[in-house]
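Chain by chain, the residues:
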Amino acid sequence: MNEQTLITAVRKHAMDNYEQDGWDVLVECYDDGDILELISNDNASTVEEAIASVHKTVKLYDDHRSDIMGA
């Protein structure tokens, strides 16, 4: 699958899940190059792998934000 297709699928997933698990961070802060770097680091080659790869990072932001808000 080509890189742009994976990036587009990740962006669509992020928009569809904007208020969950830190996907808002991706929508607001990540450009296509950032997304490509994340999916390339994990050698993601399917939409599902690309979403899972990026989710690991945005979930960390979400967990950190939740910790701060709870403090």
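The shown structure was predicted, so the numbers you read here are calculated from the model rather than taken from an experiment.

**Things to note about the nonpolar core**
Moving on, step 1. Counting 16 residues, the largest nonpolar core has Val-10, Trp-23, Leu-26, Ile-35, Ile-39 and Val-54 as its most contacted members.
Moving on, step 2. Beyond its immediate chain neighbours, meaning those up to four positions away, Trp-23 contacts Val-10, His-13, Ala-14, Asn-17, Tyr-18, Ile-51, Val-54, His-55 and Val-58.

**Considerations on the packing of helix 3 (residues 32-41) against helix 4 (residues 47-70)**
Moving on, step 1. In the contact formed by helix 3 and helix 4, the axes pass within 9 Å of each other and the chain directions differ by 105 degrees. As far as their axial angle goes, helix 4 and helix 3 are roughly perpendicular. Of the residues in helix 4, those touching helix 3 at Ile-35, Leu-38 and Ile-39 are Ala-50, Ser-53, Val-54 and Thr-57.
Moving on, step 2. A per-class count over the contact of helix 3 with helix 4 returns five nonpolar, two polar and no charged.

**Re the pattern of salt bridges**
Moving on, step 1. Throughout the structure, instances matching the rule amount to eight salt bridges.
Moving on, step 2. Here Asp-32 and Arg-11 are joined by a salt bridge, their closest N and O atoms 2.9 Å apart. Taken together, the positions of Asp-32 in helix 3 and Arg-11 in helix 1 (residues 3-16) put the pair 21 residues apart, joining distant regions of the chain.
Moving on, step 3. According to the relative accessible area criterion, Asp-32 is partly exposed, its value standing at 31%.
Moving on, step 4. The salt bridge involving Asp-63 is made with Lys-59; its shortest N-O contact spans 3.0 Å. Residue Asp-63 and its partner Lys-59 are located together in helix 4, separated by four residues, close to a single helical turn.
Moving on, step 5. Look at Lys-59 and you get partly exposed, because its relative accessible area is 25%.

**With respect to the packing of helix 1 against helix 4**
Moving on, step 1. Their axes nearest at 9 Å, the elements helix 1 and helix 4 cross at an angle of 60 degrees. The pairing of helix 1 with helix 4 is recorded here as oblique in orientation. Pair helix 1 / helix 4 crosses with right-handed handedness. The segment helix 1 lies against helix 4, with Leu-6, Ala-9, Val-10 and His-13 engaging Val-47, Ala-50, Ile-51 and Val-54.
Moving on, step 2. The residue makeup of the contact of helix 1 with helix 4, split by class, is seven nonpolar, one polar and no charged.

**Structural notes on the side chain of Asp-62**
Moving on, step 1. Within the element layout of this structure, Asp-62 appears in helix 4.
Moving on, step 2. Residue class for Asp-62 comes out buried when judged on its relative accessible area of 14%.
Moving on, step 3. When near neighbours in sequence (up to four residues on either side) are disregarded, Asp-62 contacts Asp-21 and Gly-22.

The rules we used
Residues numbered from 1 in each chain as written. Predicted model: local features only at pLDDT ≥ 70, side-chain atom pairs only at ≥ 80, totals over all residues. Heavy atoms only, no water. Core = buried A, V, L, I, M, F, W, Y, C linked by side-chain atoms within 4.5 Å. Buried < 20%, exposed > 50% of the residue type's maximum accessible area, 1.4 Å probe, protein only. Contact = heavy atoms within 4.5 Å. Axes fitted to C-alpha atoms, helices over the stretch in contact; angles between N-to-C directions. Helix = DSSP H or I, 4+ residues; strand = E, 2+ residues; numbered from the N terminus. Parallel < 35°, antiparallel > 145°, perpendicular 65-115°, else oblique. Nonpolar A, V, L, I, M, F, W, Y, C, P; charged D, E, K, R; others polar. Salt bridge = Lys/Arg side-chain N within 4 Å of Asp/Glu carboxyl O. Left-handed = near helix turned anticlockwise from the far one by under 90°.

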